[in-house]
Amino acid sequence: MAATIIDRMTDIETTLLAVHLAATAGMMGLIWFVQLVHYPLFEAVGPDHFVAYESAHQRRTSWVVGPLMGVEGLSALAIAAALRDEVGFALTLA
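Bear in mind the structure is a predicted one, so any value in this text is a computation, not a measurement.

Asker: Describe the overall build of the protein, listing the residues and the values that go with them.
Answerer: A count of helices and strands for the protein gives five helices and zero strands. When the helices and strands of the protein are placed in sequence order, the string is α-α-α-α-α. Considering the protein as a whole, with its 94 residues, one finds that 17% of them fall into the buried category. Counting contacts in the protein only where the partners sit at least 6 residues apart, residues at least 24 apart contribute 71% of the total. By element, 70% of the accessible surface of the protein is carried by carbon and sulfur atoms, the whole surface being about 7,100 Å².

Asker: Account for the packing of aromatic side chains, with residues named and values stated.
Answerer: The tally for this structure, following the rule as stated, stands at three aromatic pairs. Their ring planes at 75° and their centres at 5.6 Å tell us that Phe42 and Phe50 sit as a pair that is edge-to-face. Residue classification places Phe50 among the partly exposed positions, given a relative accessible area of 31%. Ring geometry for Phe42 against Tyr53: centres 5.5 Å apart, planes inclined by 90°, an arrangement best described as edge-to-face. Taken together, the positions of Phe42 in the loop between α2 (11–41) and α3 (50–82) and Tyr53 in helix α3 put the pair 11 residues apart, joining distant regions of the chain. When its relative accessible area of 13% is taken as the criterion, Phe42 is described as buried. The exposure class of Tyr53 is partly exposed, given its relative accessible area of 29%. Joined through ring pairs, the aromatic side chains of Tyr39, Phe42, Phe50 and Tyr53 make up one cluster.

Asker: If you had to explain the confidence of the model for the protein to someone new, which residues and values would you point to?
Answerer: For the protein, the mean per-residue pLDDT works out to 84, and 82% of the residues sit at or above 70. Averaged over each element, pLDDT in the protein is lowest for helix α5 (residues 89–93) (60) and highest for α2 (91).

Asker: So, the packing of α2 against α3: which residues are in play, and what are the values?
Answerer: Remark: α2 packs on α3, axes separated minimally by 8 Å, with the N-to-C direction vectors making an angle of 155°. On the basis of the axis angle, α2 is roughly antiparallel to α3. Note that α2 runs across α3; the crossing there is left-handed. When its residues are assigned to classes, the contact of α2 with α3 shows 17 nonpolar, six polar and two charged.

Asker: Can you break down a nonpolar patch on the surface residue by residue, with the values?
Answerer: A cluster of nonpolar side chains, namely Met28, Trp32, Phe33, Leu36, Val37 and Leu41, defines an oily patch on the protein surface of about 650 Å² accessible area. When its relative accessible area of 40% is taken as the criterion, Val37 is described as partly exposed.

Calculation notes
- Residues numbered from 1 in each chain as written.
- Predicted model: local features only at pLDDT ≥ 70, side-chain atom pairs only at ≥ 80, totals over all residues.
- Heavy atoms only, no water.
- Helix = DSSP H or I, 4+ residues; strand = E, 2+ residues; numbered from the N terminus.
- Buried < 20%, exposed > 50% of the residue type's maximum accessible area, 1.4 Å probe, protein only.
- Contact = heavy atoms within 4.5 Å.
- Areas by Shrake-Rupley, 256 points an atom, 1.4 Å probe, with all protein chains shown as cover.
- Phe/Tyr/Trp six-rings, centres within 6.5 Å; stacked < 30°, edge-to-face > 60°.
- pLDDT = per-residue confidence, 0-100.
- Axes fitted to C-alpha atoms, helices over the stretch in contact; angles between N-to-C directions.
- Parallel < 35°, antiparallel > 145°, perpendicular 65-115°, else oblique.
- Left-handed = near helix turned anticlockwise from the far one by under 90°.
- Nonpolar A, V, L, I, M, F, W, Y, C, P; charged D, E, K, R; others polar.
- Patch = residues over 30% accessible without salt bridge, like charges linked within 9 Å, V, L, I, M, F, W, Y side chains within 5 Å.
- Salt bridge = Lys/Arg side-chain N within 4 Å of Asp/Glu carboxyl O.

Encoded structure:
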């Protein structure tokens, strides 16, 4: 029986996939929290204070989202580079 790509993965590639999965799952949880809990609360702020509130929201959110997006992006690039020979150059760019 031919070995699958999973069977041929190195420990580093497996770790990269695990890190990427964790970062992606963290982003997904954060996005759902923001969509279901946080954004609906914007309505309670009122038009007089919304601009200041939204500015603070963006500044504070970037401290949470930024690291997750960085890990997700870097791990995706590392996975693409590590598996380029397995999946082909065109799929790596997709």
